[in-house]
Amino acid sequence: MIKQRIFIALPLPETFKQELEMVLEKEVQALNLRWVPRQNWHLTLLAPQYWNEAETNLAIETLRNNRKSKAFSLESEKIILAPPNKEKRMVWLVFKNSVEFFNLQKNIVNALLGKEFNLEINLRQEKILHLTLARFDLRKTGKFKFEEKIFNQSFLADKFELWQSVLKPEGAEYQSLASFELL
C-alpha cells in the first residue's frame, strides 16, 4: 500500500496571517531565504507520519470520536533566528508557552496511541511553540543582518486539521484532509 506523509496542524486565521505578512514584507524582499509559503503556515501538533489510506482514515475517525479539547487563545511574541542555542538555520515566530496547546497535542497523541497503526513520535523535540517562517543554509546564504522583531498578536485556536504533505523540489505542498472543531 502507498504511504502518505500525514501530519496534524493547527492552522492560523487569515487575519493573523495578513498582519504577520505585513511585518515580514521587508525581510522577504531583502533576504534571499527559502520562505515558507503563507498557505503552509501552521503550528505542528503531530510531526509527519507515513500512513497508508486505511491508517489515515482510522486517524480521522479516531480524532472525530475523541474531541476533548476546548478552543483557546494563542499569543505570539517575537520573530527570531532559530533554533535557540544552536546553529541558526531558520526564522521562527515564537509563541508564548501554552498549556492548552500542549494539552491538545497530548490528547491527540493519546487518542492515536490507542489504535493499531504505526505512530512515530519524537519525544526529544523542543517544546518551543513556534511557526517556521523560513529556512536557510549559511553556507549558501552567507551571513546576513537580521533583527529580532516583536510581534504580539493573539488569535483563537478553534480547530485543528489533518494535512497531507507532498514533498517537491520547490518545497512541500500541503492539503487539508480533515478538520476538527475544538469544543
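Before going into details, it helps to say that this report is about the structure given with it. Every chain is numbered independently, its residues counted from 1 as its sequence is written. Side-chain atom pairs in this predicted model are given and counted only at pLDDT of 80 or more, local residue features only at pLDDT of at least 70, and totals for whole chains, interfaces and linings cover all residues. Only heavy atoms go into the side-chain values, all of them from the structure, while hydrogens and water stay out.

Some words on the pairing of strand β9 (residues 159–166)
Here the term buried applies to any residue with accessible area under 20% of the maximum for its type, exposed to any over 50%, and partly exposed to those in between, with areas from a 1.4 Å probe on protein chains only. Put simply, DSSP marks the helices as runs of H or I at least four residues long and the strands as runs of E at least two long, and each gets a number from the N terminus on. With respect to burial, β9 is a largely interior element, six of its eight residues being buried. Think of it this way: DSSP has to see at least two bridges between two strands before they count as a pair. With five bridges joining them, strand β1 (residues 4–11) and β9 adopt antiparallel strand pairing. For Arg5, the partnering residue across the bridge sits in β9 and is Ser165. Between β9 and strand β10 (residues 173–181), which follow one another and run antiparallel, lie six residues, and Gly171 among them has a positive phi close to 130°.

Structural notes on unusual backbone geometry
A cis amide bond links Ala82 with the next residue in sequence, Pro83, at an omega value of 0°. Inspection of the secondary structure assignment puts Pro83 in the loop between β4 (72–82) and β5 (90–95).

Brief notes about empty space enclosed by the protein
For cavity detection a 1 Å grid was placed over the protein atoms alone, and a set of points counts as a cavity when a 1.4 Å probe fits there but cannot get out; an open set counts as a pocket when protein lies on both sides within 12 Å along at least five of seven lines, with lining residues being those that have an atom within 4 Å of a point. Grid points are joined across faces, edges and corners, and a volume is the space filled by probe spheres set on the points. Counting across every chain of the model gives one cavity of 30 Å³ or more. Within this model, the largest cavity holds a volume of roughly 90 Å³. Lining the largest cavity are 13 residues, and of these Asn66, Arg67, Lys68, Leu104 and Phe160 lie nearest its centre. Tallying contributions element by element places helix α3 (residues 99–113) first for the lining of the largest cavity, with four residues.

Things to note about a positive patch on the surface
A cluster of like positive charges, contributed by Arg34, Arg89, Arg135 and Lys140, occupies part of the molecular surface. Position of Arg135 relative to the elements: it lies in strand β6 (residues 130–135). Taking the relative accessible area as the measure of exposure, Arg135 reaches 36% and is therefore partly exposed. The residues that make up patches have over 30% relative accessible area and no salt bridge, and they are joined within 9 Å when like-charged or within 5 Å when they are Val, Leu, Ile, Met, Phe, Trp or Tyr. Shrake-Rupley sampling with a 1.4 Å probe provides the accessible areas, and residues are treated as covered by the protein chains on show and by no other component. For this analysis, a salt bridge means a side-chain nitrogen from Lys or Arg found within 4 Å of a carboxyl oxygen belonging to Asp or Glu. Counted as positive: Lys and Arg. Counted as negative: Asp and Glu. His and the chain ends are not counted at all. Where a charge lies is defined by one atom per residue type: Lys uses NZ, Arg uses CZ, Asp uses CG and Glu uses CD.

Points about the environment of Asn40
Position of Asn40 relative to the elements: it lies in the loop between β2 (34–35) and β3 (42–51). The exposure class assigned to Asn40 is buried, which follows from its relative accessible area of 6%. A sequence separation of 34 residues divides Asn40 from Leu74, and the C-alpha atoms of the two residues are 18 Å apart.

Overview of the packing of aromatic side chains
Any Phe, Tyr or Trp ring, taking Trp's six-membered ring, that has another such ring centre within 6.5 Å forms a pair; planes under 30 degrees apart are called stacked, those over 60 apart edge-to-face, and the others tilted. Enumeration over the complete set of coordinates arrives at ten aromatic pairs. Relative to Tyr174, the ring of Phe7 lies with its centre 5.0 Å away and its plane at 70°, an arrangement referred to as edge-to-face. Pair noted here: Phe7 is in strand β1 and Tyr174 is in strand β10, with a separation of 167 residues, a long-range link. Relative accessible area serves as the criterion here: at 3%, Phe7 is assigned to the buried category. Ring pairs connect the aromatic residues Phe16, Phe95, Phe151 and Phe155, which therefore count as one cluster.

With respect to α3
Here the expected span of a helix is defined as 1.5 Å times the quantity of residues minus one. Between its first and last C-alpha, α3 extends 21 Å over 15 residues, near the 21 Å set by a 1.5 Å rise per residue. Regarding α3, the residues found buried are Phe101, Phe102, Leu104, Gln105, Ile108, Val109, Ala111 and Leu112. Contacts between residues were defined by any pair of non-hydrogen atoms, one from each residue, lying within 4.5 Å. The inward-facing, buried residues of α3 abut β1, β3, α2 (53–65), β4 and β9.

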